[in-house]
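Take a look at the letters that make up each chain.
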Amino acid sequence: MPTQTETKTERVRSMFDDIATRYDLLNKLMTFGVDRSWRHRAVHLLKEEQPTTLLDVAVGTADLALDMAERIPSLRSIVGVDISTEMLEKGEEKVRKAHLPIPITLMEGNCEALPFAESSFDAVTCAFGVRNFERLEQSLCEMYRVTIQGGQIVILELSVPRNSLLRMGYTFWTHTFVPFVGSLVAHNREAYRYLPRSIVAMPQYEAFASLLRRVGYRNVSFTPLSGGIATLYKAIK
């Protein structure tokens, strides 16, 4: 259980270290495999811009980074950062087995202080990570800083459906089904109780788009996926 003195960053790091070995399986079980199609939508959105260098923030086990490497021919290198060393180890194992045509470098790093120079990347992505940031606006400012002028940001995140009927099913899914599966497979019910709280707590739709504009992004757009269970955001520096 978290202590009163732990920061959100420390709690999130500990939680993901604990569930890292079962994280991919749990994602498939909890989303019935739809998470893969969501990532493919993010890849398609970025592919149109033909980036050559990419930073994937909160890279986790590298699913999005691998999809980007396989499906965007213009890419020459990908860097992924995450605070969880256990998740990074799983990601590195998957990268080694993939035998990709371009390098994917995974490293430990905090999104609030990215270890890169200004304008280091053509594009920055983040899948299912922004709701875990302790200081969301600061993290978005860092993502903005390391992107080149005219570069893209693509963010994929879980969200709460606006439709009342869908929201009823969503509430059962997040508050009952997800913690049950998390307890059964990962033996960590608390980690998957955190999930619905983290989704509700973060700004969504227009509110998150407004935050992106506030840190400097322009041409901000968002697309709800699967009725709003997830949302895809895109913007330009």
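Residues numbered from 1 in each chain as written. Predicted model: local features only at pLDDT ≥ 70, side-chain atom pairs only at ≥ 80, totals over all residues. Heavy atoms only, no water.

The name an unreviewed UniProt entry assigns to the protein is Demethylmenaquinone methyltransferase, from the organism Porphyromonas gingivicanis. In its Catalytic activity (unreviewed entry) section, the UniProt record describing the protein reads: "a 2-demethylmenaquinol + S-adenosyl-L-methionine = a menaquinol + S-adenosyl-L-homocysteine + H(+)". Listed in UniProt under the heading Function (unreviewed entry), the comment for the protein reads: "Methyltransferase required for the conversion of demethylmenaquinol (DMKH2) to menaquinol (MKH2)." (UniProt positions renumbered as here; feature names shortened; annotations may be inferred.)

A. Main features of the nonpolar core. Formed by 51 residues in total, the largest nonpolar core has its most connected members in M68, I78, I104, L156 and Y192. With near-sequence residues (within four places) excluded, M68 lies in contact with A42, V43, L46, L54, L75, I78 and T125. Core analysis: the second largest hydrophobic core is formed by 28 residues, C111, M143, F208 and Y217 among them. (Core = buried A, V, L, I, M, F, W, Y, C linked by side-chain atoms within 4.5 Å. Buried < 20%, exposed > 50% of the residue type's maximum accessible area, 1.4 Å probe, protein only. Contact = heavy atoms within 4.5 Å.)

B. Spatial organisation of the side chain of Q204. The topology assignment puts Q204 in the loop between α8 (189–201) and α9 (206–214). Assessed through its relative accessible area of 15%, Q204 is described here as buried. Ignoring sequence-local partners within four residues, the contact set of Q204 consists of S159, V160, I199 and Y233. (Helix = DSSP H or I, 4+ residues; strand = E, 2+ residues; numbered from the N terminus.)

C. Geometry of α9. Among the residues making up α9, those that are buried are F208, A209, L211 and L212. Projected onto a plane normal to the axis of α9, the buried residues spread over an arc of 155 degrees and lie on a single side. Tucked inside the fold, the buried residues of α9 contact α6 (136–145), β5 (147–158), β6 (218–225) and β7 (230–236). The positive-phi residue at the C-terminal boundary of α9 is G216, with phi of around 125 degrees. (Arc of directions from axis to C-beta.)

D. A look at the layout of surface pockets. The space that makes up the second largest pocket amounts to roughly 170 Å³. Contributing to the lining of the second largest pocket are K28, D35, R36, R39, D63, L66, D67 and E70. Elements supplying a minimum of two residues to the lining of the second largest pocket: α3 (34–47) and α4 (63–71). Tallying contributions element by element places α4 first for the lining of the second largest pocket, with 4 residues. By residue class, the composition of the lining of the second largest pocket is 1 nonpolar, no polar and 7 charged. (1 Å grid on protein atoms, 1.4 Å probe; cavity = no way out; pocket = protein on both sides within 12 Å on 5 of 7 lines; lining within 4 Å. Points joined across faces, edges and corners; volume = space filled by probe spheres on them. Nonpolar A, V, L, I, M, F, W, Y, C, P; charged D, E, K, R; others polar.)

E. Layout of the UniProt feature "binding site: S-adenosyl-L-methionine" (unreviewed entry) in the protein. Residues given the UniProt feature "binding site: S-adenosyl-L-methionine" (unreviewed entry) here are T61, D82, N110 and C111. Among the annotated residues just listed, those lining the largest cavity are T61, D82, N110 and C111. Take T61: it is sitting in the loop between β1 (53–57) and α4. For T61, a relative accessible area of 2% corresponds to the buried category. Polar side-chain contacts of T61 include one of 2.7 Å to the side chain of D24. Other than its neighbours up to four places away in sequence, C111 contacts V57, F133, S139 and E142. (Polar contact = N/O pair within 3.5 Å; in protein donor to acceptor, adjacent residues only side chain to side chain.)

F. Local environment of unusual backbone geometry. In the Ramachandran plot, A62 falls in the positive-phi region, its phi being about 75 degrees despite a non-glycine side chain. Structurally, the position occupied by A62 is in the loop between β1 and α4. Here A62 falls in the buried class, since its relative accessible area comes to 0%. Backbone geometry at S119 places phi at a positive 60 degrees, although glycine is not the residue there. Looking at the element boundaries, S119 is found in the loop between β3 (104–108) and β4 (121–127).

G. Representation of empty space enclosed by the protein in the model. Under the counting rule described, the total for this entry stands at 2 cavities of 30 Å³ or more. The space that makes up the largest cavity amounts to roughly 400 Å³. Around the largest cavity sit 29 residues that line it, and A58, V59, G60, D82 and G129 are the ones nearest its centre. Broken down by secondary-structure element, the contributors of at least two residues to the lining of the largest cavity are α1 (8–19), α2 (23–31), β1, α4 and β2 (77–82). Grouping the amino acids of the lining of the largest cavity by side-chain chemistry returns 14 nonpolar, 8 polar and 7 charged. Counted as a void, the second largest cavity has a volume near 220 Å³. Lining of the second largest cavity is provided by 18 residues; of these, Y23, N27, M30, R131 and L195 occupy positions nearest its centre. Looking at the lining of the second largest cavity, the elements with two or more residues in it are α1, α2, α3 and α8.

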